[in-house]
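Take a look at the letters that make up each chain.
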Amino acid sequence: MSLLSNVLVTETDPNSAVAETYRSLRTSIRHKRLKKSDEGIVLMIASPKAQEGKTTTLSNLAVAFAQDGQKVIVVDCNLRQPSLHTIYGLSSDAGLAQYLKSVSPVQGCTSKAALPNLHLITSGGQPPNPSELLGSPGMAELLDHLKQQYDVVLLDSPSVLDYTDAGLLAEYSDGILLVVKQDRTKREWAKQAKERLEQSGARILGMIINK
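Residues numbered from 1 in each chain as written. Predicted model: local features only at pLDDT ≥ 70, side-chain atom pairs only at ≥ 80, totals over all residues. Heavy atoms only, no water.

Caption draft 1: Up close: the pairing of strand S6 (residues 175–181). The buried count for S6 comes to six of seven residues, which makes it a mostly enclosed element. The sheet contact formed by strand S1 (residues 41–46) and S6 spans four bridges and is parallel. When the sheet's bridge partners are listed, Ala46 is paired in S6 with Leu178. The parallel pair S6 and strand S7 (residues 204–210) is bridged by helix H10 (residues 187–199), and the resulting crossover is right-handed. (Buried < 20%, exposed > 50% of the residue type's maximum accessible area, 1.4 Å probe, protein only. Helix = DSSP H or I, 4+ residues; strand = E, 2+ residues; numbered from the N terminus. Pairing = 2+ DSSP bridges. Right-handed = clockwise from strand over helix to strand, strands pointing away.)

Structure (structure tokens):
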């Protein structure tokens with residue numbers, strides 16, 4: 001398994017200023033005190049549109065939590081344009097889509113990253129009905145199971161304004177980070193994304209300005 005060094009800077013260049021920024025983000029989330037029981041927390045990383053740095057942020061945040069000794073699992077819920085398997089150098093043959101279609105058990109869909117304390121559930125491809133799968137009882141059951149096994153469950157989602165998927169995932173999340181990109185994200189996009197997530201009952205922890 002190989003890692004994309006240009007993406008996972010928290011692992012490949014841990015002494016850099018960028019890596020320290022991800023550790024600061026980890027600390028800020030901890031101060032939110034989301035954990036109210038022995039269960040883990042579910043965090044979703046979202047963005048108004050595509051190509052705003054959401055998946056890179058999630059991937060490095062996952063490494064930062066794992067480096068802190070937390071047991072972490074990342075779930076690629078972006079069944080539209082999945083990419084986490086590429087970043088972590090994993091196969092996407094068996095993943096979330098297979099589990100939700102009841103083809104594979106959760107153990108068969110979970111991969112160990114080439115880093116301590118970190119596991120992934122890849123997308124398992126690009127099914128024709130992602131919204132129906134993510135909104136199914138199986139998704140809620142999966143997250144309930146993962147919260148019993150992991151300290152932090154991180155969800156990658158499709159862009160908020162392009163698909164309904166993020167709103168469905170927001171219902172399962174204890175907190176959401178909204179990633180926007182300087183010189184790309186329009187102020188109106190960010191506002192609309194925030195409002196749409198809040199309509200789903202989301203708790204938005206804050207906004208990350210990328211680049």
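Additional details are given in the paragraphs that follow.
Caption draft 2: Representation of the side chain of Ser92. Note that Ser92 resides in the loop between helix H4 (84–87) and helix H5 (96–100). One polar contact links the side chain of Ser92 to the main-chain amide nitrogen of Gly124, over a distance of 3.1 Å. Among the polar contacts made by the side chain of Ser92, one reaches the main-chain amide nitrogen of Gly125 at a distance of 3.5 Å. For Ser92, the residues in contact, after removing those within four places along its chain, are His85, Thr122, Ser123, Gly124 and Gly125. (Polar contact = N/O pair within 3.5 Å; in protein donor to acceptor, adjacent residues only side chain to side chain. Contact = heavy atoms within 4.5 Å.)

Keep in mind these numbers describe shape, not what the thing actually does.
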